[in-house]
Amino acid sequence: MTTQPWADAATQAIVRRSEERFRAHWMDILSATDRFFARLMLGQWVFAIWLALTFSPYAWDGKVRTVHAHVWAAVLLGGAINAFPVVLAFRRAGWAVTRHVIAGAQMLWSALLIHLSGGRIETHFHVFGSLGILAFYRDWTVLVTATVVIAADHLVRGLFWPESVYGIINPEWWRFLEHAFWVLFSVVFLAMSCLRAIREMRLMAERGAQIEALSEGEWRRSSVIERERVSA
C-alpha cells in the first residue's frame, strides 16, 4: 500500500515545524540562561571583593586585618574571569561557545572563592551549586567542560599550592581524585536530567506542531465549505 504524496508532504511539514518549535524554545532557554549567568558572575565579583576585604585576612593570617593581596586577586582575577563570558552572554547569547566559556568561567569562580576562603570545605559546595545551575542549559556537554576545568584546577593547585584548595599544607596526593569523583557523581545524574529535558522538549514541540497542523486543516476545510456555500 502506497501513501499519497499529499500525506507525505503533510508529515514532512509537521516534522519541520516540530524541529523549528524545538529549536526556538531551546534557543530561548539558552539565551535566558546566558544572561542569567552574566548577572550571576557580576554578583560573584562583588561578593568576592567583599570576601577578600572582610574574611580573607582572617582566613589566611588569622590575627591582623590588613589590605590583603587577595583583595587585588578578587578585583583583578575576578574581572579577568568575568570579562569574556559576560561580553559573550550579551552579544552572542545562545551561541554554543558562549555557554562553554561560561561553564569554564563559573568553575574558575569556584576556584577563586575557594582560594579566598583559605580552602574551607564549605566553599567547595559552590562547585556543586554551579553544576546544578549549569544544568539549566539542558546541554550535558557544558557539564563536561565544567568538570574538566575544576578537576584541572584541583590537580594543579593541589600539587603546587595545596593550602589554597584544601586549607592544609600537606594533603594526600590523591585528594583531588576524591573531589573529582563526587563531581562526576553529580554530573552523571545532571546529564541524565538534561537528556530527559531535551526529550520532553522535543515531545512538546511535536505535539504542538501536530495541533497546529490539525487547526490549519480544520480552517482550510471550513474555508472551502464557506466558499461553496457562498457560491451556491
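Scroll up to find the structure this text is about.
Residues numbered from 1 in each chain as written. Predicted model: local features only at pLDDT ≥ 70, side-chain atom pairs only at ≥ 80, totals over all residues. Heavy atoms only, no water.

### So, helix α6 (residues 140–160)
An α-helix turns once per 3.6 residues; consequently, residues spaced three or four apart project the same way.
So, step 1. End to end, α6 covers 31 Å across 21 residues, agreeing with the expected 30 Å (1.5 Å per residue, within 8%).
So, step 2. Among all positions of α6, only Val142, Leu143, Ala146, Thr147, Ile150, Asp153, His154, Arg157 and Gly158 are buried. Relative to the axis of α6, the buried residues are bounded by an arc of 140° and lie together on one face. Those residues of α6 that are exposed and angled more than 90 degrees off the buried face are Val148, Leu159 and Phe160. (Helix = DSSP H or I, 4+ residues; strand = E, 2+ residues; numbered from the N terminus. Expected span 1.5 Å × (residues − 1). Buried < 20%, exposed > 50% of the residue type's maximum accessible area, 1.4 Å probe, protein only. Arc of directions from axis to C-beta.)

### Notes on a nonpolar patch on the surface
So, step 1. Residues Phe125, Phe128, Phe181, Trp182, Phe185, Val188, Phe189 and Met192 make up a contiguous nonpolar surface patch of roughly 840 Å² in combined accessible area.
So, step 2. Contributions of two or more residues to the nonpolar patch are made by α5 (125–134) and α8 (175–231).
So, step 3. Considering every element that reaches the nonpolar patch, the biggest residue donor is α8, with 6 residues.
So, step 4. By the secondary structure assignment, Phe125 is in helix α5.
So, step 5. A relative accessible area of 56% places Phe125 in the exposed class. (Patch = residues over 30% accessible without salt bridge, like charges linked within 9 Å, V, L, I, M, F, W, Y side chains within 5 Å. Areas by Shrake-Rupley, 256 points an atom, 1.4 Å probe, with all protein chains shown as cover. Salt bridge = Lys/Arg side-chain N within 4 Å of Asp/Glu carboxyl O.)

### A closer look at the packing of aromatic side chains
So, step 1. For the structure on display, the rule yields 8 aromatic pairs.
So, step 2. On the basis of an interplanar angle of 45° and a centroid distance of 6.3 Å, the ring pair of Phe36 and Phe136 is categorised as tilted. Taken together, the residues span a long stretch of sequence, with Phe36 in helix α1 (residues 5–54) and Phe136 in the loop between α5 and α6 at a distance of 100 residues.
So, step 3. With a centroid separation of 5.3 Å and 65° between ring planes, the pair formed by Phe185 and Phe189 is classed as edge-to-face. Taken together, the residues Phe185 and Phe189, both in helix α8 and 4 residues apart, mark about one turn of the helix.
So, step 4. By relative accessible area, which is 42% here, Phe185 ends up partly exposed.
So, step 5. Taken together, the ring pairs connect Phe36, Phe37, Phe136 and Tyr137 into an aromatic cluster.
So, step 6. Its guanidinium or amino end placed over the ring of Trp95, Arg92 lies 4.1 Å from that ring's centre, counting from NZ or CZ.
So, step 7. Above the face of the Phe22 ring, Arg202 is positioned so that its terminal group lies 4.0 Å from the ring centre. (Phe/Tyr/Trp six-rings, centres within 6.5 Å; stacked < 30°, edge-to-face > 60°. Lys NZ or Arg CZ within 6 Å of the ring centre and 35° of its normal.)

So far we have only geometry, and geometry alone does not tell us how the molecule works.
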